[in-house]
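The chain contents come next:
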Amino acid sequence: MSKRRPRRAAVTGIGVVAPNGTSTETFWKSTREGISVLDRVTREGCEHLPLKVAGEVRNFDPPSAVEERYLVQTDRFTHFAMAAADQALDDARLDRPATDAAPFSVGVVTAAGSGGGEFGQRELQQLWSKGSRFVGPYQSIAWFYAASTGQISIRRGFKGPCGVIASDEAGGLDAVAHAAWAVRRGTDVMVTGATEAPLAPYSMVCQLGYPELSTVADPDRAYRPFTAAACGFVPAEGGAMLVVEAEDTARERGAPVRAYLAGHTATFTGASRWEESRAGLAEAIRGALEEAGCAPEEIDVVFADALGTPAADRAEALAITDALGAHGGRVPVTAPKTAVGRGNGAAAVLDVAAAVLAMEHGVIPPTPNVHDVCHDLDLVTARARAAEPRTALVLSRGLMGSNSALVLRLGPGDTS
């Protein structure tokens, strides 16, 4: 009796709500053209804080994207998630009749690093200023890391396996990998990704304790990884959601298989131990390559973590060459997040979206605001580079020590 062939996990839908675009199309256009949208923080209550520059989502209207009954229950980070999930499901051609007919075949897994800080701050201010009777009942759930997973599944009636990943900034990649694992284990469809909203005053104050945070006031100089002028990272809000499903399920529906989630590995090396992260990230890369059955020279582009501090950047550059050998110094590397900021766990999912789009369009997006690279990397700067990438490596590290690597392979496209 022959063994059943393992299911391949495919990306069939992408949805984006980001500082540089509130749809996949606008996000990709800005990313490809290297348009930086980093700017001075405009959120009320943040004027006196030393953090001056961030990537804000400024063209997003929650009431037009989310029903009122869900808006009042949820924080801004979940509004982003629900809107991006709708986009991804539409992109994957998964309409409500199809998912309603088989609700247990669809699951949800998201990652969150910041939670619902804006909602929580507002309700606590009500408590302090007016008393407990003025605190809304949704305070108990809206701030919670799992809120986006819960609300997406409730709103769309998904009853398959659901979860939330809390592994720091690397959580976005880990959530996508968890979705791929669920598909290989038998779930037909997983909605996955990460969105963040860490720019409310309370959330921003919490970040001020990170020595890696940039407090430079010039948007063009605040986030410049892999340069001698690297001074830390700039925070951001927004994120992306993906539809990940079994290849055979997609083919049966005639939906395009945009990319395959080929391999992933996660490691842990400890908070802010950037020298040690070299070995941890290199091990993650090797593990992802092994799971994908991918040789180092097959990697066509690397989407870097790009933290933006000298020690962390050096560790990442060395990890790439440690894991990829001589190819590590030749493979094109990019960090498009320098245009929008580093949105906690959502940053890497935006990189996954950009990697899929880069492979589809035959172009590697640039790393905005970065000019004089001081590491042995072929960093794509200034403008996009024409190429034919078919295999991409996406990297992510967390401030608390998580490392994650994901290998993507280009899909066959439209299967109809």
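The name given to the protein chain in an unreviewed UniProt entry is Beta-ketoacyl synthase N-terminal-like domain-containing protein, with Streptomyces gottesmaniae as the source organism. According to UniProt, the comment filed for the protein chain under the heading Sequence similarities (unreviewed entry) is "Belongs to the thiolase-like superfamily. Beta-ketoacyl-ACP synthases family."

A. Inspection of the side chain of Thr367 at higher detail. Within the secondary structure layout, Thr367 lies in the loop between strand 11 (363-364) and strand 12 (378-379). Classification of Thr367 by relative accessible area gives buried; the value is 0%. Separated by 2.9 Å, the side chain of Thr367 and the backbone nitrogen of Ala335 make a polar contact. Residues contacting Thr367, with those up to four places away along its chain left out, are Thr334, Ala335, Thr338, Leu379, Val380, Thr381 and Ala382.

B. Up close: helix 4 (residues 76-91). Its 16 residues give helix 4 an end-to-end C-alpha distance of 23 Å, which sits within 8% of 22 Å, the value for a rise of 1.5 Å per residue. Among the 16 residues of helix 4, 13 are classified as buried, and the element is accordingly described as predominantly covered. With a side-chain oxygen positioned 3.0 Å from the backbone nitrogen of Phe77, the residue opening helix 4 is Asp75. One or two positions beyond helix 4, positive phi appears at Arg93, with a value near 65°.

C. Spatial organisation of the packing of aromatic side chains. Applying the stated criterion across every chain, the model contains three aromatic pairs. With a centroid separation of 5.4 Å and an interplanar angle of 70°, the aromatic rings of Trp143 and Phe144 are classed as edge-to-face. Classification of Phe144 by relative accessible area gives partly exposed; the value is 40%. What links up through ring pairs into an aromatic cluster is the set Trp143, Phe144 and Tyr145.

D. Structural context of unusual backbone geometry. The phi dihedral of Asn369 falls on the positive side, at around 70°, and the residue is not glycine. Relative to the helices and strands, Asn369 is located in the loop between strand 11 and strand 12. Even without glycine at this site, Ala382 takes up a positive phi of about 70°. Of note, Ala382 is situated in the loop between strand 12 and strand 13 (385-386). Taking relative accessible area as the criterion, Ala382 reaches 61% and is therefore assigned exposed.

E. Just the sheet that holds strand 14 (residues 391-397), in detail. With respect to topology, eleven strands assemble into an open sheet ordered 5-4-6-7-1-8-15-14-9-10-12, the strand pairing being mixed. One side of each edge strand has no neighbouring strand; the edge strands of this open sheet are strand 5 (162-165) and strand 12. When strand 9 (residues 301-303) meets strand 10 (residues 332-334), the two strands line up parallel, connected through two bridges. Residue pairing for strand 10: Phe303 is matched across the bridge by Thr334.

F. Representation of the UniProt feature "domain: Ketosynthase family 3 (KS3)" (unreviewed entry) in the protein chain. Residues annotated in UniProt with the feature "domain: Ketosynthase family 3 (KS3)" (unreviewed entry) correspond here to residues 6-410. The straight-line gap between the two end C-alpha atoms of residues 6-410 is 18 Å; of that span, 36% is helix and 20% is strand.

G. Examining the packing of helix 4 against helix 8 (residues 147-156) more closely. As a packed pair, helix 4 and helix 8 sit with axes 9 Å apart at the nearest point and diverge in direction by 50°. Looking at the two axes, helix 4 sits oblique to helix 8. The two elements helix 4 and helix 8 meet at a crossing, and its hand is right-handed. Every residue of helix 8 that contacts helix 4 at Phe77, Thr78, Ala81, Met82, Ala85, Asp86 and Leu89 is listed here: Ala147, Ser148, Gln151, Ile152, Arg155 and Arg156. Its residues assigned to classes, the contact of helix 4 with helix 8 comprises seven nonpolar, three polar and three charged.

H. Up close: helix 1 (residues 24-33). Taken together, the buried positions of helix 1 are Thr24, Phe27, Trp28, Ser30 and Thr31. All buried residues of helix 1 fall inside an arc of 165° around its axis, so they share one side. As for helix 1, its buried residues are in contact with strand 1 (9-17), helix 4, helix 14 (346-361) and strand 11. Once helix 1 ends, the next one or two residues include Gly34, with phi positive near 70°.

I. Highlighting the environment of Val135. Examined against the element boundaries, Val135 turns out to sit in the loop between helix 6 (117-130) and helix 7 (139-142). Separated by 66 residues in sequence, Val135 and Pro201 place their C-alpha atoms 19 Å apart. Not counting chain neighbours up to four residues away, the residues in contact with Val135 comprise Glu123 and Leu127.

J. Local environment of the environment of Ala18. By secondary structure assignment, the location of Ala18 is in the loop between strand 1 and helix 1. Owing to a relative accessible area of 2%, Ala18 belongs among the buried residues under this scheme.

K. Layout of the pattern of salt bridges. In this structure the tally under the stated criterion is 24 salt bridges. With its nearest N and O atoms 3.3 Å apart, the salt bridge here joins Glu33 to Lys29. Residue Glu33 and its partner Lys29 are both found in helix 1; the two are separated by four residues, about one turn of the helix. Across the pair Asp351 and Lys337 runs a salt bridge, and its minimum N-O distance is 2.7 Å. Of this pair, Asp351 sits in helix 14 while Lys337 sits in the loop between strand 10 and helix 14, and the two are 14 residues apart along the sequence.

Rules used in this analysis
Residues numbered from 1 in each chain as written. Predicted model: local features only at pLDDT ≥ 70, side-chain atom pairs only at ≥ 80, totals over all residues. Heavy atoms only, no water. UniProt positions renumbered as here; feature names shortened; annotations may be inferred. Helix = DSSP H or I, 4+ residues; strand = E, 2+ residues; numbered from the N terminus. Buried < 20%, exposed > 50% of the residue type's maximum accessible area, 1.4 Å probe, protein only. Polar contact = N/O pair within 3.5 Å; in protein donor to acceptor, adjacent residues only side chain to side chain. Contact = heavy atoms within 4.5 Å. Expected span 1.5 Å × (residues − 1). Phe/Tyr/Trp six-rings, centres within 6.5 Å; stacked < 30°, edge-to-face > 60°. Pairing = 2+ DSSP bridges. Axes fitted to C-alpha atoms, helices over the stretch in contact; angles between N-to-C directions. Parallel < 35°, antiparallel > 145°, perpendicular 65-115°, else oblique. Left-handed = near helix turned anticlockwise from the far one by under 90°. Nonpolar A, V, L, I, M, F, W, Y, C, P; charged D, E, K, R; others polar. Arc of directions from axis to C-beta. Salt bridge = Lys/Arg side-chain N within 4 Å of Asp/Glu carboxyl O.

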